[in-house]
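Take a look at the letters that make up each chain.
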Amino acid sequence: MTSASASKPAQSFIAQQQAALRERLPFADTQDFEDASRGLVARREPSAVTSGDGKVLWDNDAYAFLEGEAPDTVNPSLWRQSQLVQIQGLFEVVPGIYQVRGLDLSNVTFVEGTEGVVVIDPLLTVETAEAALALYREHRGDRPVTGVVYTHSHVDHFGGVKGVTTQEDVDAGRVPVLAPEGFTEHAVAENVYAGTAMARRAAYMYGAALARGPQGQVGAGLGQTTSTGTVSLIAPTVDLTTTGQEEVVDGVRMVFQMAPGTEAPAEVLIHFPDHRALCTAEDATHTLHNLLTLRGAVVRDPHVWSGYLTETIDLFGASTDVAFASHHWPTWGQERVRDFLSLQRDLYGYLHDQTLRLINKGWTGTEIAEHLPLPPVLEQAWATRGYYGSVSHNLKAVYQRYMGWFDGNPAHLWQHTPVEAGRRYVEALGGADAVVGKAGEAFAAGDLRWAAELLNHVVFAEPGHPGARELLADTYEQLGYGAENGPWRNFYLSGATELRDGSFGTPTVTASADIIANLSPPLLFDALAIQINGPEAWDERLALDVVLTDTGERYRLTLANGVLTHTTAPQPEPAGTTLTTTAEALPVLALGDLTAKRLADAGIQVDGDATLLDRLAAVLDPGDRDFPIVTP
């Protein structure tokens with residue numbers, strides 16, 4: 001982890017902001033603490049999960065400092081949320097349903113059946129999932145895993161699956177794997193198409209490499225941070241396609257509600273009628289969620305999200321005594337569950353409807369984000385506060401969903417790059433030293449946003465300017481101290497770390513071997529296509545065929561005009577090279593080593609002109625896992 005040795009204390013204006021927030025929010029309400037501790041069976045002591053070589057992959061004990069009142073270096077509302085999320089252990093939700101919380105970014109749920117246990121959302125990595133299952137078995141008996149359910153297509157809800165079952169047991173039919181229709185395509189595509197960039201930005205968003213402590217990483221709002229172990233994937237064997245679909249696994253009755261396009265493109269909620277329990281997946285948690293996650297994704301639809309929560313209330317409100325989710329802690333009591341779901345529903349509906357109202361009055365995304373308040377009831381409810389998604393960036397996301405990046409102002413139609421704009425701003429304002437001086441005045445006055453704007457121009461114009469880098473790091477740090485939103489704090493503190501210490505790497509890489517292995521041939525060819533260096537390949541012309549002996553499929557890959565395309569249509573001319581293999585062996589192409597020997601070793605037969613493979617490999621340009629974010 002990066003050091004916090006360069007950290008500075010909170011400035012007086014940040015301390016005053018924190019004090020005002022303590023007075024404004026209902027900190028005397030301790031219901032969440034009672035719920036987060038209810039049903040505790042046992043904690044994992046110590047909490048650390050390590051790899052075979054002793055590397056720490058997860059350590060909830062690193063957050064032991066989260067006691068008492070928040071220091072001035074942490075927003076007191078975020079401090080409270082982090083205290084709640086840090087509570088770890090095995091918990092009984094109701095008899096027969098147990099959760100392990102605080103052992104990864106997400107929760108894993110164990111539903112006891114006739115012979116064994118059905119696992120819902122087996123965490124992010126194999127190692128933490130293994131530890132969670134061991135904790136469950138230590139206190140509930142050595143029950144076999146008899147089924148797995150993925151509620152949605154985000155990696156922290158399936159990546160640990162090989163920590164609770166095996167591919168062999170799934171292939172043999174002993175362990176069915178249930179998931180919403182389209183799960184595999186969305187899960188794989190998200191971690192491959194823009195996976196490198198998303199993982200890089202996730203390093204900033206979750207702060208996994210930051211030092212833990214009151215001046216460092218305190219949590220991410222949805223969970224403390226991400227584990228850094230092995231990401232796995234076993235493809236589903238049962239598709240969930242229809243609301244009301246009922247499946248029985250090992251005697252466990254589950255009724256599913258489809259919710260595509262909400263928090264994930266493929267998502268289901270689960271009702272357990274025999275337990276009067278509802279799993280809300282990630283559509284209703286104890287925070288305002290992201291409509292556009294800061295790591296990057298397609299903008300989510302708050303209108304659809306709100307509508308599905310209305311349907312949830314209508315379908316299950318009268319038959320649910322407890323609601324639990326894939327993050328955070330449960331809510332007990334039929335009336336409290338309905339109130340909780342209603343507030344979540346109204347939250348997303350309000351953001352959607354009010355943004356469109358103001359769009360139609362000519363407001364831009366930044367104007368809407370700056371001036372649209374929440375209703376008092378939503379403002380005062382802890383479960384609707386912006387610990388993970390913020391009102392500010394979610395309102396901009398709604399604008400983006402409907403209107404795109406352009407706000408209609410022609411001055412914004414063709415702007416300079418950050419480096420070129422920075423050079424011009426710095427020159428216009430009298431040079432780098434003068435701009436840093438003005439930024440210093442803004443910093444001292446507590447106008448941190450303006451200080452960051454000025455200093456960002458200097459850093460992009462003159463990256464080596466020590467005064468600019470130092471003051472911008474200090475500015476980001478204070479902005480982080482003041483942030484209620486966990487990802488905002490982590491982004492600000494990660495930016496300060498990059499400025500002070502340089503790049504700190506990407507702790508969690510989600511494009512794992514299992515993810516790559518589950519690429520369908522079209523997804524695999526798309527993954528190659530996005531690595532083509534277009535300008536380098538402008539003049540390249542080549543064609544190769546891929547023949548899959550186990551499926552009978554034949555693909556023609558063509559590189560022309562810097563674009564790699566594929567088709568299954570018959571071709572009039574033979575290809576220069578033919579690759580003959582199986583669908584299982586094909587994903588080796590995604591690794592980029594296209595030499596004939598490497599392909600032969602992987603079970604791919606090469607016929608024809610093998611130099612075409614060398615020419616294709618020569619124009620592949622894979623992503624950079626450690627690219628800078630706050631510097632050029």
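What counts and what doesn't
- Residues numbered from 1 in each chain as written.
- Predicted model: local features only at pLDDT ≥ 70, side-chain atom pairs only at ≥ 80, totals over all residues.
- Heavy atoms only, no water.
- Pairing = 2+ DSSP bridges.
- Helix = DSSP H or I, 4+ residues; strand = E, 2+ residues; numbered from the N terminus.
- Axes fitted to C-alpha atoms, helices over the stretch in contact; angles between N-to-C directions.
- Contact = heavy atoms within 4.5 Å.
- Core = buried A, V, L, I, M, F, W, Y, C linked by side-chain atoms within 4.5 Å.
- Buried < 20%, exposed > 50% of the residue type's maximum accessible area, 1.4 Å probe, protein only.
- Parallel < 35°, antiparallel > 145°, perpendicular 65-115°, else oblique.
- Left-handed = near helix turned anticlockwise from the far one by under 90°.
- Nonpolar A, V, L, I, M, F, W, Y, C, P; charged D, E, K, R; others polar.
- Salt bridge = Lys/Arg side-chain N within 4 Å of Asp/Glu carboxyl O.
- Phe/Tyr/Trp six-rings, centres within 6.5 Å; stacked < 30°, edge-to-face > 60°.
- Lys NZ or Arg CZ within 6 Å of the ring centre and 35° of its normal.

Participant: Describe in detail the sheet that holds strand β19 (residues 563-567), supporting the description with residues and values.
Facilitator: Within the open sheet, the five strands sit side by side as β19-β18-β17-β20-β21. Their pairing is mixed. Bordering the open sheet on either side are β19 and β21 (605-608), each of which pairs with just one other strand. Going from strand to strand, the sheet's axes swing by 20 degrees on average, the running direction of each strand aside. Relative to strand β20 (residues 577-581), strand β17 (residues 542-548) is paired through five bridges, and the arrangement is parallel. Bridge pairing links Val547 to Thr580 in β20. Against the sheet, helix α21 (residues 611-618) makes contact with β17, β18 (554-560), β20 and β21, and its axis sits at roughly 105 degrees relative to β17, the strand it touches most.

Participant: Outline the nonpolar core, supporting the account with residue identities and numerical values.
Facilitator: Counting 68 residues, the largest nonpolar core has Phe110, Tyr150, Val546 and Leu589 as the members making the most contacts within it. Setting aside anything within four residues of it in sequence, one finds Leu589 in contact with Leu524, Leu528, Leu579, Leu594, Leu599 and Ile604. In terms of nonpolar packing, the next biggest core, distinct from the first, is built from 30 residues, Leu341, Tyr348, Ala383 and Tyr399 among them.

Participant: An account of the packing of helix α14 (residues 432-444) against helix α16 (residues 466-482) is needed here, citing residue identities and associated values.
Facilitator: The contact between α14 and α16 brings their axes to 10 Å, and the two run at 20 degrees. Taken together, α14 and α16 sit at an angle that is classed as roughly parallel. The way α14 lies across α16 gives a crossing that is left-handed. Mapping the contact onto sequence places Val436, Ala439, Gly440 and Phe443 in α14 and Gly467, Ala468, Leu471, Asp474, Thr475 and Gln478 in α16. Among the residues forming the contact of α14 with α16, the class breakdown is five nonpolar, four polar and one charged.

Participant: Describe the sheet that holds strand β10 (residues 238-240), with residues and values.
Facilitator: One open sheet holds the eight strands; their spatial order is β1-β4-β5-β6-β7-β8-β9-β10, and the pairing between them is mixed. The sheet is open, and its two borders are formed by β1 (40-42) and β10, each paired with just one other strand. Taking the axes of each pair of neighbouring strands and ignoring which way they run, one obtains an average angle of 25 degrees across the sheet. Where strand β7 (residues 117-120) and strand β8 (residues 145-149) come together, four bridges link them in parallel fashion. From the neighbouring strand, Val119 faces β8, where its bridge partner is Val148. Its contacts with the sheet place helix α4 (residues 126-140) against β1, β4 (89-94), β5 (97-101), β6 (108-112), β7 and β8, and it is angled at close to 35 degrees to β6.

Participant: Let's hear about the pattern of salt bridges: which residues, and what values?
Facilitator: Within this structure, the stated rule accounts for 28 salt bridges. Put simply, Asp474 and Lys8 hold a salt bridge, and the shortest N to O gap is 3.0 Å. Of this pair, Asp474 sits in helix α16 while Lys8 sits in the segment before α1 (12-24); the two residues are 466 residues apart in sequence, bridging distant segments of the chain. Residue classification places Lys8 among the partly exposed positions, given a relative accessible area of 29%. The closest approach of N and O atoms between Asp346 and Arg345, which form a salt bridge, is 2.5 Å. The class for Asp346 is partly exposed, based on a relative accessible area of 37%. It is possible to trace a salt-bridge network through shared partners that takes in Lys8, Asp474, Glu477 and Arg500.

Participant: Could you give an account of the packing of aromatic side chains, with specific residues and numbers?
Facilitator: Throughout the structure, instances matching the rule amount to 17 aromatic pairs. Here the aromatic cluster, defined as three or more aromatic residues joined through ring pairs, consists of Tyr63, Phe65 and Trp79. Residue placement shows Arg38 over the ring face of Trp332; its charged tip is 4.1 Å from the ring centre. Sitting above the plane of the Trp382 ring, Arg80 keeps its charged end 3.8 Å from the centroid.

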